[in-house]
Amino acid sequence: MGYCQDDQLVNTICDLYEKISKLESLKPSEDVDTLFKQLVSTCIPPNHNIDVTKMSESIQEMRSSLIKLCGEAEGHLEHHFSSVLTSFEDNPLHHLNLFPYYNNYLKLSKLEYDLLEQNLNGSVPKTVAFVGSGPLPLTSIVLASFHLKDSIFHNFDVDPSANSVAARLVSSDPDLSQRMFFHTVDVMDVTESLKGFDVVFLAALVGMDKQEKIKVIEHLEKHMSPGALLMLRSAHGPRAFLYPIVEPCDLQGFQVLSVYHPTDEVINSVVVSRKLGGGDGVVHDDMDHQDSGFACNCSKIHAIMNKKKSIIEEFAGAAIEEQPT
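Anyway, here's the lowdown on the structure attached to this text. Bear in mind that the values here come from a model prediction, so they are computed numbers and not experimental data.

Analysis parameters
Residues numbered from 1 in each chain as written. Predicted model: local features only at pLDDT ≥ 70, side-chain atom pairs only at ≥ 80, totals over all residues. Heavy atoms only, no water. Phe/Tyr/Trp six-rings, centres within 6.5 Å; stacked < 30°, edge-to-face > 60°. Buried < 20%, exposed > 50% of the residue type's maximum accessible area, 1.4 Å probe, protein only. Helix = DSSP H or I, 4+ residues; strand = E, 2+ residues; numbered from the N terminus. Expected span 1.5 Å × (residues − 1). Arc of directions from axis to C-beta. Contact = heavy atoms within 4.5 Å. Axes fitted to C-alpha atoms, helices over the stretch in contact; angles between N-to-C directions. Parallel < 35°, antiparallel > 145°, perpendicular 65-115°, else oblique. Left-handed = near helix turned anticlockwise from the far one by under 90°. Nonpolar A, V, L, I, M, F, W, Y, C, P; charged D, E, K, R; others polar. Pairing = 2+ DSSP bridges.

1. Remarks on the packing of aromatic side chains
Overall, the coordinates contain five aromatic pairs when judged by the stated rule. Considering the side-chain rings of Phe 99 and Tyr 105, the 6.3 Å spacing of their centres and the 55 degrees angle between planes classify their relative orientation as tilted. Each of the two residues, Phe 99 as well as Tyr 105, counts as buried. Among the aromatic residues, those joined into a ring-pair cluster are Phe 81, Phe 99, Tyr 101 and Tyr 105.

Have a look at this one:
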């Protein structure tokens, strides 16, 4: 099937999956840390020959299970470090660099902020929602601390213990404790209040398979305000063994504005889209026709996005260079 040269890569990932799936627990430990570091370092190098959607059914099933294991391990890791951080007597947020992937979040949040700024045409979002914020809501914390210093953040998570530890984390910060709120709820049960947000972030692991992800996107499309931005995380190439893929044609009812695939240690791709309707100037018959075209052939929109790519890469590169190492 054209994957001969990459059999070794896929075999390595399969071997790591076998070892990870046999672990008694995915809570942080030497074995867990070692295997997941090996997995990440295997999947990070960009490889345009790897397209998981074209691989065999058995590989697809393995990938689906591996993404769930990654999500579970990530949840345990974040819980662990959130608990460690809240044990500090001073402001826990002064110690975020203890989290091993903090620098990745600095870079990802800066990239997302730059993409956001480019597509907001000078306006600053008053209210931001983060769906699937987890026990260590680093994106919200970094954006609120460094980039969106006047915005109000509402974090949604279905897990009460995640929200409990996350709320404790920001409670002693005089600024963020006033601007950051936590809601224990399934996003599929959030309706009217979604209309109040200028920007909605959807965590990579909310909707771990394609069908779940599309259901969440459809729900957001139904209830977000026209003109509001949706910030999605996706994955590209071998990184799609770690996180679900979102393609532009999955975004019915949204205008895709930017698609960015990092090539450094930031793993997630970023997809920025705007909810259509209201004053978007789009005739909805045309929009339906346009959407069905994307559904049939995603490559069309990738071709459109490639025209913007050099601009996006230019400022994204500058964004990453500004961050401390």
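From this point on, the discussion continues.
2. Some words on helix α8 (residues 210-223)
Under the 1.5 Å per step criterion, the end-to-end length of α8 is 20 Å for 14 residues, consistent within 8% with the ideal 20 Å. For α8, the complete set of buried residues consists of Lys 213, Val 216, Ile 217, His 219, Leu 220 and His 223. The buried residues of α8 occupy an angular sector of 160 degrees when projected down its axis, which confines them to one face. Facing away from the buried surface of α8 by more than 90 degrees, the exposed residues are Gln 211, Lys 215 and Lys 222. Each element contacted by the buried residues of α8 is listed here: β4 (199-202), β5 (229-234) and β6 (254-260).

3. Remarks on the packing of helix α1 (residues 7-21) against helix α3 (residues 57-86)
Contact geometry for α1 and α3: axes closest at 10 Å, N-to-C directions at 50 degrees. When the axis of α1 is compared with that of α3, the two are oblique. Two packed elements cross with a definite hand, and for α1 against α3 that hand is left-handed. Counting all contacts with α1, which are made through Val 10, Ile 13, Cys 14, Tyr 17, Ile 20 and Ser 21, the residues of α3 involved are Ile 59, Met 62, Ser 65, Leu 66 and Leu 69. Here the residues of the contact of α1 with α3 are counted per class, giving nine nonpolar, two polar and no charged.

4. Thoughts on the sheet that holds β5
Within the open sheet, the seven strands sit side by side as β3-β2-β1-β4-β5-β7-β6. Their pairing is mixed. Of all strands in the sheet, those with a lone pairing partner are β3 (180-184) and β6, marking the two edges. Direction aside, the axes of adjacent strands within the sheet are offset by 20 degrees on average. Across four bridges, the pairing between β4 and β5 is parallel. Opposite Val 199, over in β5, you have Leu 229 as the bridge partner. Along the sheet face, α8 touches β4, β5, β6 and β7 (269-275) and points at about 170 degrees away from the line of β4.

Function-wise, these values are silent; they only describe arrangement.
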